[in-house]
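Coordinate inspection notes
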Amino acid sequence: MKKLMVIGALVAGGTLLGSGVAAAEPSPHCQQHGYCVFSATGFGGTKASVPTGGGCRATSELGIPVVRSAARGFGDGYALELYADQNCATSAGTVYFELPDTTATAYRLIPIPG
């Protein structure tokens, strides 16, 4: 009986944790599908939408040479990974909800586990 209770708790906990990230509420700074990036910290300056698709991409393709903040819109099971270098080798942060202060010159969308 104890085994069943522990297994049930682990399954319920895993489901809640796994779906909690994917079902996160959108940031008030990005009330649209996907992710928004900004040219200034604190969600200021020029705003651009991140298109869907894979691979490492330069933020300059979005019209913003250096992303200084980013926010999640209405999700689709992906997180936005930002990078400090053009080769997507040095992480500048992962956006699950908001990232108010960063310095990124490249990005990619990564699947959220769960």
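Just so you know, these numbers come straight off a predicted model, no measurement behind them.

What counts, and where the lines are drawn
- Residues numbered from 1 in each chain as written.
- Predicted model: local features only at pLDDT ≥ 70, side-chain atom pairs only at ≥ 80, totals over all residues.
- Heavy atoms only, no water.
- pLDDT = per-residue confidence, 0-100.
- Helix = DSSP H or I, 4+ residues; strand = E, 2+ residues; numbered from the N terminus.
- Contact = heavy atoms within 4.5 Å.
- Pairing = 2+ DSSP bridges.
- Disulfide = S-S within 2.5 Å.
- Buried < 20%, exposed > 50% of the residue type's maximum accessible area, 1.4 Å probe, protein only.

**Structural notes on the confidence of the model for the protein**
Looking at the protein, the pLDDT average stands at 82 and 78% of residues meet or exceed 70. Looking at the elements of the protein, mean pLDDT is at its lowest for helix H1 (residues 2-22), recorded as 35, and at its highest for strand E1 (residues 35-40), recorded as 98. This stretch, residues 1-22, has a pLDDT under 50; its non-local contacts, to residues over four places away or in other chains, come to six contacts.

**Quick notes on the sheet that holds strand E8 (residues 106-111)**
Remark on secondary structure: sheet strands pair via backbone hydrogen bonds, oriented parallel or antiparallel. Spatial ordering of the open sheet is given by E3-E8-E5-E6, a layout of four strands whose pairing is antiparallel. Edge strands, defined here as strands with exactly one partner in the open sheet, are strand E3 (57-58) and strand E6 (91-95). The sheet contact formed by E3 and E8 spans two bridges and is antiparallel. Each residue of the ladder has a partner; that of arginine 57, found in E8, is tyrosine 107.

**Details of the state of the cysteines**
A covalent bond between the sulfur atoms of two cysteines is what we call a disulfide. By the definition in use, this model includes two disulfides. At a sulfur-sulfur separation of 2.1 Å, the disulfide partner of cysteine 30 is cysteine 36. The S-S bond linking cysteine 30 to cysteine 36 shows a torsion near 70°; that makes this disulfide right-handed. Residue cysteine 30 shares its accessibility class with cysteine 36, and that shared class is buried. What pairs with cysteine 56 in a disulfide is cysteine 88, and their sulfur atoms sit 1.9 Å apart. Around the S-S axis, the bridge from cysteine 56 to cysteine 88 shows a dihedral of about 85° and counts as right-handed. With a gap of 32 residues between them, cysteine 56 in the loop between strand E2 (44-50) and E3 and cysteine 88 in the loop between strand E5 (78-83) and E6 connect regions that are remote in the sequence. Using a relative accessible area of 34% as the deciding quantity, one classes cysteine 56 as partly exposed.

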